[in-house]
Amino acid sequence: MYETFKVDRKSISASVAEYIQDLITEKKFTEGQKLPSEREMAQKLNVSRNTVREAYKILAAKGYLTIKHGNGVFVSKEEETIKHLTSQLFLRKDQIVELFTIRKVLETKAVELAIRNLTPQNKRELNSILHMTMETLSNEAGKEELAQLDQKFHLTITRISGNSILLRIMNSLIDLLGDARFETVKIPGRAELSLRQHLEIGEAIMQGSTDLAVKRMNDHLDSVEESILLNKNKNGGDSDADISS
């Protein structure tokens, strides 16, 4: 497995890190697996122990490895890797556009799959969430509670889709999405508009109208994205970012 390792013009530790990362990506090292010790890996790759130690630190910082002092170095769980990568992002305007581009891809597909897997129990669950949201709005609940209900609506649709990988990705993105969602509900009138749009999406899902449900989800995410960007413009933040795309 190690015979393909070659050092390029990068620093040796960076080259080793990239090589091991490729092995993880190719599943030659699997989730939870213990990697060879620094000494063993150094011998296999014909590099120094210090080089391997630095490579392990690089991959730990990137979320691919977990270093357990006294126990060794292990391949991180996939969801932890994704969560670590997303935690490095910040919501500048250009990143908001990129975030919502990804949301539209994931959540419109989730709607399509959810309709295929819809059951009476799923319908009751969606209705329950929408009812709770309406009650929360009428009681002038706090922004955090509204954000949590909004999150629950979107994750429930993803779970009903029946695609475990899609759900794992959405769960891993939840911290990043949470920042955008909390920012959204602070905008005057935005929570009420989102509720109406959730009702429309839910109605289309329960009717089994795939095209309409996908369109309404896409329109909803377009609307939320526009609200956040307009609010940032109003507050003068990140004025140099490109929001035209």
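Overview of the structure. (Residues numbered from 1 in each chain as written. Predicted model: local features only at pLDDT ≥ 70, side-chain atom pairs only at ≥ 80, totals over all residues. Heavy atoms only, no water.)

Quick look at the side chain of Ser161
Here Ser161 shows up in the loop between α7 (143–160) and α8 (164–172). Given a relative accessible area of 3%, Ser161 falls into the buried group. Apart from residues lying up to four places away in sequence, Ser161 is in contact with Ala110, Leu113, Ala114, Asn117 and Leu166. (Helix = DSSP H or I, 4+ residues; strand = E, 2+ residues; numbered from the N terminus. Buried < 20%, exposed > 50% of the residue type's maximum accessible area, 1.4 Å probe, protein only. Contact = heavy atoms within 4.5 Å.)

Observations concerning the packing of helix α6 (residues 120–138) against helix α10 (residues 190–207)
Remark: α6 packs on α10, axes separated minimally by 11 Å, with the N-to-C direction vectors making an angle of 165 degrees. Accordingly, the angle class assigned to the pair α6 and α10 is roughly antiparallel. For α6 against α10, the interelement crossing comes out left-handed. Contact residues: α6 offers Lys123, Leu126, Asn127, Leu130, Thr133, Met134 and Leu137, while α10 offers Ala191, Glu192, Leu195, His198, Leu199, Ile205 and Met206. (Axes fitted to C-alpha atoms, helices over the stretch in contact; angles between N-to-C directions. Parallel < 35°, antiparallel > 145°, perpendicular 65-115°, else oblique. Left-handed = near helix turned anticlockwise from the far one by under 90°.)

Structural notes on the pairing of strand β2 (residues 72–75)
Direction of pairing for strand β1 (residues 65–68) relative to β2: antiparallel, over a ladder of four bridges. Bridging across to β2, Thr66 finds its partner in Phe74. (Pairing = 2+ DSSP bridges.)

Topic: the side chain of Ser227
Here Ser227 shows up in helix α11 (residues 210–235). Engagement of the side chain of Ser227 in a polar contact is seen with the side chain of Arg190, the distance being 3.0 Å. Look past the residues within four positions of Ser227 in its chain and what remains in contact with it is Ile187 and Arg190. (Polar contact = N/O pair within 3.5 Å; in protein donor to acceptor, adjacent residues only side chain to side chain.)

What about the packing of aromatic side chains?
With the rule as written, the count across this model stands at zero aromatic pairs. For Lys68, the ring lying beneath its charged end belongs to Phe74, and the centroid distance is 4.8 Å. (Phe/Tyr/Trp six-rings, centres within 6.5 Å; stacked < 30°, edge-to-face > 60°. Lys NZ or Arg CZ within 6 Å of the ring centre and 35° of its normal.)

What to know about the pattern of salt bridges
Following the criterion strictly, the structure yields twelve salt bridges and no others. With a shortest N-O distance of 3.8 Å, Glu38 and Arg49 are connected by a salt bridge. Of this pair, Glu38 sits in helix α2 (residues 38–45) while Arg49 sits in helix α3 (residues 49–61), and the two are eleven residues apart along the sequence. Residue Arg49 is classed as partly exposed on the basis of its relative accessible area of 36%. Across the pair Arg116 and Glu112 runs a salt bridge whose closest N-O atoms are separated by 2.9 Å. In this pair, Arg116 and Glu112 are both assigned in helix α5 (residues 93–116), four residues apart and thus about one turn of the helix distant. (Salt bridge = Lys/Arg side-chain N within 4 Å of Asp/Glu carboxyl O.)

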